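Analysis of the macromolecular model
Below are the chains, spelled out letter by letter.
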Amino acid sequence: MLKYKQLKIESLIRRIDTFKTIGHGTTRLPFSKEEMEARKFIAKYMENIGLTVTEDSIGNLCGCLPGTEPSLTPVWTGSHIDTVLEAGMFDGVAGVVAGLEAVRIIKENGILHKRDICVWIYTSEESTKFQMGCIGSRAMAGYLTRDELSSVKDQDGISLENLLIENGFHLDSYDSVLKRKGDVYAAVELHIEQSPNLERNQKQIGIVDAICAPSNLMITLEGEQSHAGGTSMEMRKDAFMAASEICLALERCAKCGTSPYTTGTAGFVELTPNAVNVIPGKVKMSIDVRDCDYKSKNKVIEEFLFEADLIAKRRKVTMVVEEKCNDMPMKCNAKITSILHEICEKNDVSYMHTISGAYHDSLFIGTFAPVGMIFVPSKNGISHSPAEWTDFSDIEVGTNLLTDALIQLSNEI
């Protein structure tokens, strides 16, 4: 593995981080003014380093470095630039910058590559805005059709369809977003780990073997809004107390699952009327269950919903469950993981094989292309927080590995 000189990792990450809302941490929601400005900056940077820039109907941005044999299917890399609320500056962006630096180095050094190498910025990987993640890659994989765009809405009730139209994306060519098996030769994504495993094991690189997939539910509980002092404990139909007990049931079911990778999270809770002296009459909350084993995940969800239904009936509140997604876990391609393994071994880079508990765009890219993932360490395992940190030197190690992998894959026939 070459140690490529003059990488611009830190300057690029810090420049992209200037596109964010004012406040604590980094917030850059999909289709916001800040995210659209970041897209323009990246598109211009792609052009400046000699890439051919395109943008599809769902908003995925691509910079392509042409190969010597363009009839061959391309090799992909990339990640996302949208964030959760009050995030850090590395999640997603580290993978985008690593990809941009990899193709810049390849071009500037005149390194032979037969296949096109494409760097993608996928639309809305985080589920913060639409309660559904991986919007761009999901559409590529055929799991978000043109007809479904109007039903995907943000918390203000604005549809994805309207947001795309308002931002100038042409939905009449939406069919061209879809990719099929054979369209892409291989895809490799670099990402911060978002867990403490690499740091604890003092490893520079994580080679991902599998990606856990989410199931997202939105639960609405309706009881009876009433006076906090005038309603006895026996008379209450408290939607929030029911929600609290249901959250504990989620925790219990996730801990009792057959897979060691099962997680259960209630991350979003909205109370009505949310007042000090009023018994909540309505609660809306999100449920996130993840696993690398699809059957185990669905079994946990089944048991959880059974318990939640019993709790709702006992507390005399109604419960409505809306499934937002139930995605399939993804195993990374054995050939790509072997290539990453060999490059690390050859160049004395410390590494370990690992599982991704967080999901990524590679989860959906893997439905039509062989995928691999490279993890670089996260300090204390913290992510989705202003405290998120990955040393720029660690991202450089990952970028060197990514660059060598892209060169090797792009020259295979």
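Here's what I pulled together on the structure shown here. Just so you know, these numbers come straight off a predicted model, no measurement behind them.

**Notes on the environment of L250**
With respect to the helices and strands, the residue L250 is situated in helix 7 (residues 239-255). For the pair L250 and A308, spaced 58 residues apart in sequence, the C-alpha to C-alpha distance is 8.3 Å. Sequence-distant contacts of L250, that is, excluding residues within four places in its chain, are made with G264, T265, A266, I287, V289 and F304.

**Considering the nonpolar core**
Ranked by internal contacts, the top residues of the largest apolar core, which has 56 residues, are I13, I42, L100, I205, I374 and I395. Top contributing element to this core by residue count: helix 3 (residues 93-108), with ten residues. For I13, the residues in contact, after removing those within four places along its chain, are M89, F90, V93, A94, V97, F392 and I395. Counting 44 residues, the second largest nonpolar core, distinct from the first, contains V152, V208, A369 and F375.

**Concerning the packing of aromatic side chains**
One pass over the structure, following the stated rule, counts nine aromatic pairs. Seen from their ring centres, F19 and F41 are 5.7 Å apart, and the 40° between their planes marks the pair as tilted. Taken together, the residues F19 in the loop between helix 1 (9-16) and helix 2 (33-48) and F41 in helix 2 connect sequence positions 22 residues apart. The exposure class of F19 is buried, given its relative accessible area of 11%. Taken together, the ring pairs connect W76, W120, Y122 and F368 into an aromatic cluster. Sitting over the ring of Y185, R115 keeps its end group 3.6 Å from the ring centre. The positively charged end of K129 is found above the aromatic ring belonging to F130, 5.9 Å away from the centroid.

**What to know about the pairing of strand 4 (residues 117-121)**
Most of strand 4 sits out of view: five of its five residues are buried. Examined bridge by bridge, strand 2 (residues 61-65) and strand 4 share five bridges and lie antiparallel to one another. In the sheet register, L65 faces strand 4, and the bridge partner there is I117. Note: strand 3 (residues 75-79) against strand 4, five bridges, orientation parallel. Within the sheet, the bridge partner assigned to V75 lies in strand 4 and is I117.

**Some words on the packing of helix 1 against helix 11 (residues 392-410)**
Packing of helix 1 against helix 11 brings their axes to within 9 Å, and their N-to-C directions diverge by 110°. Viewed along their axes, helix 1 and helix 11 adopt a mutual orientation that is roughly perpendicular. The two elements helix 1 and helix 11 meet at a crossing, and its hand is right-handed. Side by side, helix 1 and helix 11 meet where I9, E10, I13 and R14 of the first sit next to F392, I395, E396 and T399 of the second. Taken together, the residues that form the contact of helix 1 with helix 11 break down as four nonpolar, one polar and three charged.

What counts and how
- Residues numbered from 1 in each chain as written.
- Predicted model: local features only at pLDDT ≥ 70, side-chain atom pairs only at ≥ 80, totals over all residues.
- Heavy atoms only, no water.
- Helix = DSSP H or I, 4+ residues; strand = E, 2+ residues; numbered from the N terminus.
- Contact = heavy atoms within 4.5 Å.
- Core = buried A, V, L, I, M, F, W, Y, C linked by side-chain atoms within 4.5 Å.
- Buried < 20%, exposed > 50% of the residue type's maximum accessible area, 1.4 Å probe, protein only.
- Phe/Tyr/Trp six-rings, centres within 6.5 Å; stacked < 30°, edge-to-face > 60°.
- Lys NZ or Arg CZ within 6 Å of the ring centre and 35° of its normal.
- Pairing = 2+ DSSP bridges.
- Axes fitted to C-alpha atoms, helices over the stretch in contact; angles between N-to-C directions.
- Parallel < 35°, antiparallel > 145°, perpendicular 65-115°, else oblique.
- Left-handed = near helix turned anticlockwise from the far one by under 90°.
- Nonpolar A, V, L, I, M, F, W, Y, C, P; charged D, E, K, R; others polar.

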